[in-house]
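Structural overview
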Amino acid sequence: MQTAKGKIVEQWVQNPDKTFSGKSYRINAKGDSALTETLKIKKIGKDTFYCSTVTGQNEGKETCFKLIATKDETYVFEDKTHDFPQRIVYQNQGKAEMLAWIEGELNGKSRKSEFRYKRQ
């Protein structure tokens, strides 16, 4: 995804144990990259979770969001106790595009940020 500050890239792989691992990073105009987030989609008990470790946040601890809904290639993960976001959503928009967004309340105000990814 291209932004004013450079590109945001997410890379995912399926692991042999059927979990998914991903990394999110920024690439600036000079081509330098910085890891911003380490990601996992995994089962804990009978539930599926999207787990994120954000660089420089939460003392390096993982935050997990439970899969609460799937419909029409849209996957909604939620953690109502998290400061922001409380929901992370991925929507498959065909072979070449993925729309993701984070949403919830921050300081009493409803917020939403979208990320339009294109496969490369």
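Attention here is on the structure that accompanies the text. If you're wondering where the values come from, they're calculated on a predicted model, not measured in any experiment.

With that settled, consider the pattern of salt bridges. Throughout the structure, instances matching the rule amount to 8 salt bridges. With a shortest N-O distance of 3.2 Å, E62 and K42 are connected by a salt bridge. On the criterion of sequence distance, the pair formed by E62 in the loop between β5 (47–54) and β6 (63–71) and K42 in strand β4 (residues 33–44) is long-range, its members being 20 residues apart. When the shortest N-O distance is used, the salt bridge between R87 and E103 registers 2.9 Å. Residue R87 is located in strand β8 (residues 87–92), and its partner E103 is located in strand β9 (residues 97–106); the two are separated by 16 residues in the primary sequence. Where salt bridges share partners, they join K40, K42 and E62 into one cluster.

Now for the side chain of T63. Along the chain, the position of T63 falls in strand β6. Here N58 takes part through its side chain, which lies 3.2 Å from a polar atom of the side chain of T63. Those residues in contact with T63, other than ones at most four positions away along the chain, are Y50, C51, S52, N58, D79 and H82.

Criteria and cut-off values
- Residues numbered from 1 in each chain as written.
- Predicted model: local features only at pLDDT ≥ 70, side-chain atom pairs only at ≥ 80, totals over all residues.
- Heavy atoms only, no water.
- Salt bridge = Lys/Arg side-chain N within 4 Å of Asp/Glu carboxyl O.
- Helix = DSSP H or I, 4+ residues; strand = E, 2+ residues; numbered from the N terminus.
- Polar contact = N/O pair within 3.5 Å; in protein donor to acceptor, adjacent residues only side chain to side chain.
- Contact = heavy atoms within 4.5 Å.

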